[in-house]
Amino acid sequence: MSVPHSVRVASAALALSGLLAVSACSGDAEPVRQAGPAVTAEPAALSPTATPTGSPTGGVVPLTPDVTSRLDAAIKQVMSEVSIPGVIVGYTAPDGTYQRTFGVADKNAGTPMSPDLYMRIGSVTKTFTTTGILRLVDQGKLGLDDPISKYVQNVPGGDGISLRQLGEMRSGLFNYTLDSDFQQAFFNDPNRPFTPEQLLGYAFKHPADFAPGAQFEYSNTNLILLGLVVEKVGGQPLHDFLQQQVFTPGGLSKTSLPVDAAFPDPHAHGYTNQTLSGAVEDSTTWNPSWGWAAGAAISQLADLQTWAKELATGEPLLKPATQAQRLKFVTVGNTPDLGYGFGIFTTHGWIGHNGSLPGYESVVIHLPQANASLAILLNTDITHDGSEPSTFLARAITQIVSPNNVYTLPTPPASGSPTASPSPTGSPTASPTASPSPLASPTGTTPASPPATLHVS
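Residues numbered from 1 in each chain as written. Predicted model: local features only at pLDDT ≥ 70, side-chain atom pairs only at ≥ 80, totals over all residues. Heavy atoms only, no water.

Enquirer: Just to check I follow, could you spell out the packing of aromatic side chains for this structure?
Expert: How two aromatic rings sit relative to each other is given by the distance of their centres and the angle of their planes. Within the structure shown, the criterion is met by 15 aromatic pairs. Ring centres 6.0 Å apart and planes at 75° place the aromatic pair F186 and W286 in the edge-to-face group. Remark: W286 occurs in the loop between β7 (281–282) and α9 (292–295) and F186 occurs in helix α5 (residues 180–188); sequence separation between them is 100 residues. Taken individually, F186 and W286 each receive the classification buried, so the pair is uniform in this respect. (Phe/Tyr/Trp six-rings, centres within 6.5 Å; stacked < 30°, edge-to-face > 60°. Helix = DSSP H or I, 4+ residues; strand = E, 2+ residues; numbered from the N terminus. Buried < 20%, exposed > 50% of the residue type's maximum accessible area, 1.4 Å probe, protein only.)

Laid out in structure tokens, this is it:
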């Protein structure tokens, strides 16, 4: 699950539609193109933390052969500099589609990446859970200003915490992925399952970080609670509700919320250094139950390209007034072009979410004024110079296709944590499947202590 890395480190949690159908192609194939108006703009500097020109009225550059060649070169350069094993990219605009895969899905076997691979998507899961809440709003079954205590008992200060504040990351509730006991349990055995109640137990041992509504803090605890609300009000398990109320009506046939560590085939292997030893390990089969409603979802490129536009517009799932509630962005920190709404963020005009958990990262965003969507999937969460690899990729791509609207997430302060949940100042939150990625211990060994925090968004 993923938003800016700074929040990921602070919260230790899970880290944010195509217009033209195109057949799957490899990194050397030519994208499908259609004629369209030319839009030019000055190029932006290639740096994950540089401040771009954040014009909300910017357009996109046509997908000419020169532009697609520049995209190929930029992605390969980032992969080399940031050490990314494999990448899947899908970009759609009114004049065409760019779809590419680069690198390998399995470093040992050398299997190449392909567009049809299933991938863990981390905190992009949050966008599905919050959409479930908004579907229930449209059905008249709950209100965003209802207190969480109306639906979930024994939440500290629950009478004063609204569903809206949970979705906006303004509840003040402690992020369970930062709890040392949770980290110890996860790092000792990344294959173990966790229940939502167990995750909340780790969070509720701690006092609130601030009064409800007082400020923004990315916390996976918020999404676990919203997942329980969906189950209670929707009358069925979260994975079934999302399947029937979000994935199916949204045309997302390859998206699911697993109930265990099962991973559909074909899928890419994930690589992380969020381990007890600090060595890179294969996290493909780690149980994502710790992320649940905050970061456990699995999807494919085509679905995420579709979802990028649906998430930003609300169509066909939500009423316009309800979607407007989701898009009530509040500026995060001192970055005027970065804001967080109800389980969704905006950065320099792009709307969506990112995700990060041990071994995998994703970015799913839409630029409304240009009707352009971008989905990126990669099989590592190992940071570079304090930033997530997905941020380097999204920035390199957008500085070419939308130079007036460059995807940028601030680099968090130095931290010993692997990755925390992402938030508009870090990465979205979630437990070992949200923004923070859990550290795994070698099989059969007992660690003395886990890393400082989980790195997820």
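Enquirer: Quick question: what am I supposed to make of the pattern of salt bridges here?
Expert: Oppositely charged side chains are able to pair whenever their charged atoms sit close together. Going through the model one piece at a time under the given rule, you end up with 5 salt bridges. With a shortest N-O distance of 2.6 Å, K205 and D181 are connected by a salt bridge. Of the two residues, K205 is situated in the loop between α6 (196–204) and α7 (220–234) and D181 in helix α5; the sequence distance between them amounts to 24 residues. By sharing partners, the salt bridges in this structure join D179, D181 and K205 into a single network. (Salt bridge = Lys/Arg side-chain N within 4 Å of Asp/Glu carboxyl O.)

Enquirer: What is the right way to read the packing of α6 against α7 from this model?
Expert: Two elements in contact, α6 and α7, have axes whose closest approach is 10 Å; the angle formed by their N-to-C orientations is 140°. Between α6 and α7, the angle falls in the class oblique. Between α6 and α7 the crossing geometry is left-handed. Contacts between α6 and α7 involve P196, E197, L199, L200, A203 and F204 from the former and T221, I224, L225 and L228 from the latter. Here the contact of α6 with α7 is composed, by residue class, of 8 nonpolar, 1 polar and 1 charged. (Axes fitted to C-alpha atoms, helices over the stretch in contact; angles between N-to-C directions. Parallel < 35°, antiparallel > 145°, perpendicular 65-115°, else oblique. Left-handed = near helix turned anticlockwise from the far one by under 90°. Contact = heavy atoms within 4.5 Å. Nonpolar A, V, L, I, M, F, W, Y, C, P; charged D, E, K, R; others polar.)

Enquirer: Explain helix α10 (residues 301–313) to me, please; I cannot follow it from the model alone.
Expert: Given 3.6 residues to a turn, an α-helix orients residues that are three or four positions apart in the same direction. Given a rise of 1.5 Å per residue, 13 residues ought to cover 18 Å, and the 19 Å separating the end C-alpha atoms of α10 matches this to within 8%. Regarding α10, the residues found buried are L301, D303, L304, Q305, W307, A308, E310, L311 and A312. (Expected span 1.5 Å × (residues − 1).)

Enquirer: Looking at this structure, how should I read the nonpolar core?
Expert: Side chains that are nonpolar tend, in soluble globular proteins, to be buried together. Formed by 115 residues in total, the largest nonpolar core has its most connected members in Y91, F128, I148, V229 and I376. Beyond its immediate stretch of four places on either side in the chain, Y91 contacts V60, L63, G96, T97, Y98, Q305, W350, A372, S373, L374 and V401. (Core = buried A, V, L, I, M, F, W, Y, C linked by side-chain atoms within 4.5 Å.)

Enquirer: What is the right way to read the pairing of strand β14 (residues 372–378) from this model?
Expert: Looking down a regular strand, the side chains alternate between one sheet face and the other. Among the 7 residues in β14, 7 count as buried, and that is most of the element. Neither face of β14 is left uncovered, since the one carrying A372, L374, I376 and L378 and the one carrying S373, A375 and L377 both have all their residues buried. Summarising the sheet, strand β2 (residues 86–93) and β14 pair through 6 bridges and their orientation is antiparallel. Each residue of the ladder has a partner; that of V89, found in β14, is I376. Across 7 bridges, the pairing between strand β13 (residues 360–367) and β14 is antiparallel. The residue of β14 that forms the bridge with S362 is L377. In sequence, β13 turns back onto β14 through a hairpin of 4 residues, with N371 there showing a positive phi of about 55°. (Pairing = 2+ DSSP bridges.)

Enquirer: What's the story with the layout of surface pockets in this structure? I'm lost.
Expert: Where empty space is left in the structure can be found by rolling a water-sized probe over the atoms. One number sums up the size of the largest pocket: a volume of about 200 Å³. Every residue lining the largest pocket is counted, 14 residues in all, and those nearest its centre are F194, P196, P258, V259 and W292. For the lining of the largest pocket, the elements supplying multiple residues, two or more each, are α6 and α7. Grouping the amino acids of the lining of the largest pocket by side-chain chemistry returns 9 nonpolar, 3 polar and 2 charged. (1 Å grid on protein atoms, 1.4 Å probe; cavity = no way out; pocket = protein on both sides within 12 Å on 5 of 7 lines; lining within 4 Å. Points joined across faces, edges and corners; volume = space filled by probe spheres on them.)

Enquirer: Got a minute to help me understand the packing of helix α2 (residues 65–82) against helix α12 (residues 389–401) in this structure?
Expert: Two measures define how a pair of helices packs: the angle their axes make with one another and the distance between the axes. Contact geometry for α2 and α12: axes closest at 10 Å, N-to-C directions at 160°. In terms of orientation, α2 lies roughly antiparallel with respect to α12. The way α2 lies across α12 gives a crossing that is right-handed. Taking contact as the criterion, the partners of V67, R70, L71, A74, I75, V78 and V82 in α2 are, on α12, P389, F392, L393, A396, I397, I400 and V401. Residue composition of the contact of α2 with α12, grouped by class: 13 nonpolar, no polar and 1 charged.

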